[in-house]
Amino acid sequence: MSDEMMTGSVMSDATQVGGDGEVMIEVSAMDKFFGDFQALKNIDVKVGRREVVVVIGPSGSGKSTLIRCINRLEEHDAGRIIVDGTELSDDVRNIQEIRRETGMVFQQFNLFPHLTVMENITLAPRLVRKLPAAEAEAKAMQLLERVRIPEQADKYPGQLSGGQQQRVAIARSLAMQPKVMLFDEPTSALDPEMINEVLEVMMDLAREGMTMIVVTHEMGFAREVADRVVFMADGQIVEVGTPEHFFTNPQEPRTREFLSQIL
Amino acid sequence: MSRSERVTDWLKANLFRSTADSIVSVVVGAIALFVLFRIVRFVFVTGRWEIVETNLSLYVTGAWPDAEMWRLVATVLLAAFVSGLIAGFIARSREIEAGVEAVSLSPRARIIELVVRLWPLLLGLALVLALTRTVMPVLLVVSAAVAVVLGRMLGRLLPRRSPPWLAALAVVTLLGVVWLMANGVGLESWGGMLLNIFLAAFSITLCFPLGVMLALGRRSKYPVVRLLSVGYIELFRGAPLIALLLMVDVAIGFFLPQSIVPSSPVRAIIVFILFTAAYMAEVVRGGLQSVPGGQVEAAKALGLSPISTTFRIVLPQALRNVIPAIVGQSISLFKDTTLAGAAMGLADLLNSAQASTAQEQFRGQGLIVESLVFVLFLFWVGAYTMSRESQRLERRLGVGNR
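Residues numbered from 1 in each chain as written. Chains lettered and ligands numbered in written order. Predicted model: local features only at pLDDT ≥ 70, side-chain atom pairs only at ≥ 80, totals over all residues. Heavy atoms only, no water.

A.B. asks: Explain the overall build of chain A here, please?
C.D. replies: Each helix and strand in chain A was counted, giving 10 helices and 10 strands. Relative to a compact globule of 263 residues, whose C-alpha radius of gyration would be 18 Å, chain A shows 18 Å and is just as compact. When its C-alpha atoms are laid out on the principal axes, chain A stretches across 55 × 45 × 40 Å. Relative to its 263 residues, chain A shows a buried fraction of 55%. By sequence separation, contacts in chain A at least 24 residues apart represent 67% of the contacts at least 6 residues apart. Of the charged side chains in chain A, 27 are positive and 41 negative, and the gap between their average positions amounts to 4 Å. (Helix = DSSP H or I, 4+ residues; strand = E, 2+ residues; numbered from the N terminus. Rg over C-alpha atoms; globule rule 2.2 N^0.38 Å. Buried < 20%, exposed > 50% of the residue type's maximum accessible area, 1.4 Å probe, protein only. Contact = heavy atoms within 4.5 Å. Lys, Arg positive; Asp, Glu negative; His and termini not counted. Charge placed at Lys NZ, Arg CZ, Asp CG, Glu CD.)

A.B. asks: Can you walk me through the interface of chain A and chain B in this structure?
C.D. replies: Size of an interface, as often reported, equals the accessible area lost when the parts are brought together. Contact with chain A, which involves 21 residues of that partner, is made by 19 residues of chain B. Among the residues chain A hides against chain B, the three largest losses belong to R99, F112 and H114 of chain A. Together they make up 28% of the total. In this structure, the connection of chain A to chain B is made through one salt bridge. R68 of chain A is the partner of E297 of chain B in a salt bridge, and the nearest nitrogen-oxygen pair spans 2.6 Å. In this structure, the connection of chain A to chain B is made through six residue pairs in polar contact (both at pLDDT 80 or more). Put simply, the parts of the chain that give the side of chain A that touches chain B at least two residues each are α3 (92-101), β6 (102-105), α4 (117-127) and α6 (162-174) of chain A. When residues of the side of chain A that touches chain B are assigned to their parent elements, the largest contribution, three residues, is made by α4 of chain A. Taken together, the residues of the side of chain A that touches chain B sort by class into 12 nonpolar, six polar and three charged. (Buried area = accessible area lost by both parts, 1.4 Å probe. Salt bridge = Lys/Arg side-chain N within 4 Å of Asp/Glu carboxyl O. Polar contact = N/O pair within 3.5 Å; in protein donor to acceptor, adjacent residues only side chain to side chain. Nonpolar A, V, L, I, M, F, W, Y, C, P; charged D, E, K, R; others polar.)

A.B. asks: Is there a simple way to explain the layout of surface pockets in this structure?
C.D. replies: Over the atoms, a rolling probe the size of a water molecule traces out where space has been left empty. Approximately 1100 Å³ is the volume attributed to the second largest pocket. Residue lining of the second largest pocket: 27 residues in total, with K221, V296, K300, P306 and T310 of chain B positioned closest to the centre. Counting residues per element, the ones that place at least two in the lining of the second largest pocket are α3 of chain A together with α13 (293-301) and α14 (306-321) of chain B. The element contributing the most residues to the lining of the second largest pocket is α14 of chain B, with six residues. Of the residues assigned to the lining of the second largest pocket, the class counts are 14 nonpolar, five polar and eight charged. (1 Å grid on protein atoms, 1.4 Å probe; cavity = no way out; pocket = protein on both sides within 12 Å on 5 of 7 lines; lining within 4 Å. Points joined across faces, edges and corners; volume = space filled by probe spheres on them.)

A.B. asks: I would appreciate a short explanation of unusual backbone geometry in the present structure.
C.D. replies: Only a minority of non-glycine residues have a phi that is not negative, and only a minority of peptide bonds are not trans. Residue and element names in this part refer to chain A. Although it is not a glycine, N110 adopts a positive phi angle of roughly 55°. Note on placement: N110 falls in the loop between β6 and α4. Under the relative-accessibility criterion, N110 is labelled buried at 11%. Its identity as a non-glycine residue notwithstanding, E185 has a phi of 45°, on the positive side. As for its placement among the helices and strands, E185 is situated in the loop between β7 (180-184) and α7 (192-207). Overall, E185 belongs to the buried group, its relative accessible area being 12%.

Structure (structure tokens):
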């Protein structure tokens with residue numbers, strides 16, 4: 001806290017929240033090891049409801065691992081993770097509960113290649129939420145319109161461009177009506193001309209008030225959409241702040257070095 | 001360029017490009033021509049095919065009594081009709097999926113397409129029919145063809161949400177056919193090609209779910225399940241099939257009371273299932289490994305249960321990737337059914353063929369070659385048809401070009 005007083009920045013502490021003040025995700029004192037290698041060290045971060053947090057940092061800094069821990073694609077080794085009041089533990093019911101409320105978009109899209117776009121989107125609502133087929137399909141069409149590709153419903157993922165696939169992947173996650181969306185470098189595998197169509201969909205989502213954690217290298221997106229930017233290096237959170245603070249007046253030498261390399 | 005110039009060019013480019021090329025071409029060509037000449041001479045001149053002609057029904061249906069022949073006829077017609085029904089339904093579904101109207105081929109184009117696709121099977125049928133002395137088999141084949149066409153036309157009209165019903169119909173048909181057949185003629189008196197097909201069809205169908213379970217078990221997170229699966233697979237892969245067949249034939253009597261020992265064909269089927277499942281498990285495991293980890297992660301992230309993830313996401317992709325290997329296993333099992341004949345003295349095709357050379361009118365005349373050639377031909381027809389159909393399935397499912 002005294003640190004913050006000294007730098008005078010707004011919300012430079014990762015444990016303060018933006019959004020509407022209500023805590024949606026709370027990570028405290030979290031460690032993660034891969035064998036002997038410590039991928040995450042004593043991570044403390046809170047994300048508020050309706051807040052957009054962008055996580056940046058050099059590769060290998062643990063950004064992806066952090067969000068993969070939040071929906072248990074990786075198991076954390078110490079500390080606590082609480083999503084919307086449910087603590088992530090070994091209890092399978094808690095894990096399922098959190099996964100139902102948390103959508104995730106991957107760098108490689110990970111659409112199901114043997115299912116059509118429509119089936120990709122309706123599968124989880126039908127199996128997990130037990131939605132009737134007709135209702136799930138109507139909902140899926142709405143989502144496809146929202147990501148601006150309703151005409152591709154009956155195609156297979158292999159027939160779509162990368163940008164279209166990623167938008168389907170976003171629609172697939174949204175079909176479960178998640179309270180939180182996690183984005184793991186959603187535009188890193190895309191050809192440059194397709195990046196914007198995906199970012200636009202994500203901006204729409206942010207505007208509609210979705211709680212989002214976005215791992216990305218798109219600084220323009222961070223500047224424009226983020227409520228807070230988290231900078232990570234070597235498995236630790238180095239600096240947190242508003243985009244304004246972050247891009248104009250970074251405090252930590254490590255942050256300045258990183259920004260000077262990419263901007 | 002004239003035709004003869006084109007031929008000369010082709011010969012130069014492909015057979016006589018260099019001196020070494022020319023020598024190889026001439027030598028290999030001479031050997032090939034000689035072998036071809038011997039084969040043609042054997043088939044059309046020196047071969048004495050009356051042994052096959054006389055014993056045709058023994059080779060194909062064994063000692064199946066004439067009075068019960070209607071069961072076979074009913075089975076063939078029913079199977080033809082149901083497969084036609086399913087084929088028609090699938091064809092129509094594909095058209096709808098591709099958003100095209102009914103593909104209307106002219107009857108002539110359609111027949112040419114079928115002949116190109118099924119020529120080994122048609123060749124086999126034609127040969128068997130040519131050797132028959134009665135009109136019944138011809139009638140059966142013709143009416144089976146009619147049943148397929150009829151089923152296919154009806155299948156196109158089925159409502160779109162029928163797959164569960166069709167799957168159920170297929171299973172009921174299979175069970176009904178077995179009941180129909182086994183109820184009239186005890187399994188012990190089955191024989192000929194019919195027995196080989198029956199053993200193979202049953203073993204392949206039943207070893208498949210067991211193989212999938214073992215493959216999944218081998219990747220289970222529970223050490224006990226993993227250990228049991230690995231133990232099972234390695235145990236059966238380490239045993240010669242014929243030794244297992246001999247063992248159930250002889251040794252089972254030591255362990256089980258005579259009254260509950262199943263008949264020989266059933267024992268053979270059990271061995272085939274247990275044995276082939278171990279190989280099937282390894283094939284399926286290869287398929288499971290070919291599915292990228294991101295697929296499971298995406299399914300988990302959506303909140304799918306482990307069971308849904310396995311059966312809706314991983315297995316469909318895994319199995320599609322290993323269709324060639326699965327069919328390879330099935331073909332090899334089909335041919336291995338002759339081992340059951342050898343080990344257990346069943347009257348299967350191979351044994352029937354050998355037995356026929358001992359008949360009074362053919363004894364001591366060296367006709368084993370003729371009968372064995374016919375046996376090989378029938379197995380080749382079955383195996384090659386399976387192989388071609390699997391290649392077609394592969395192309396349709398787009399294996400390797402996703």
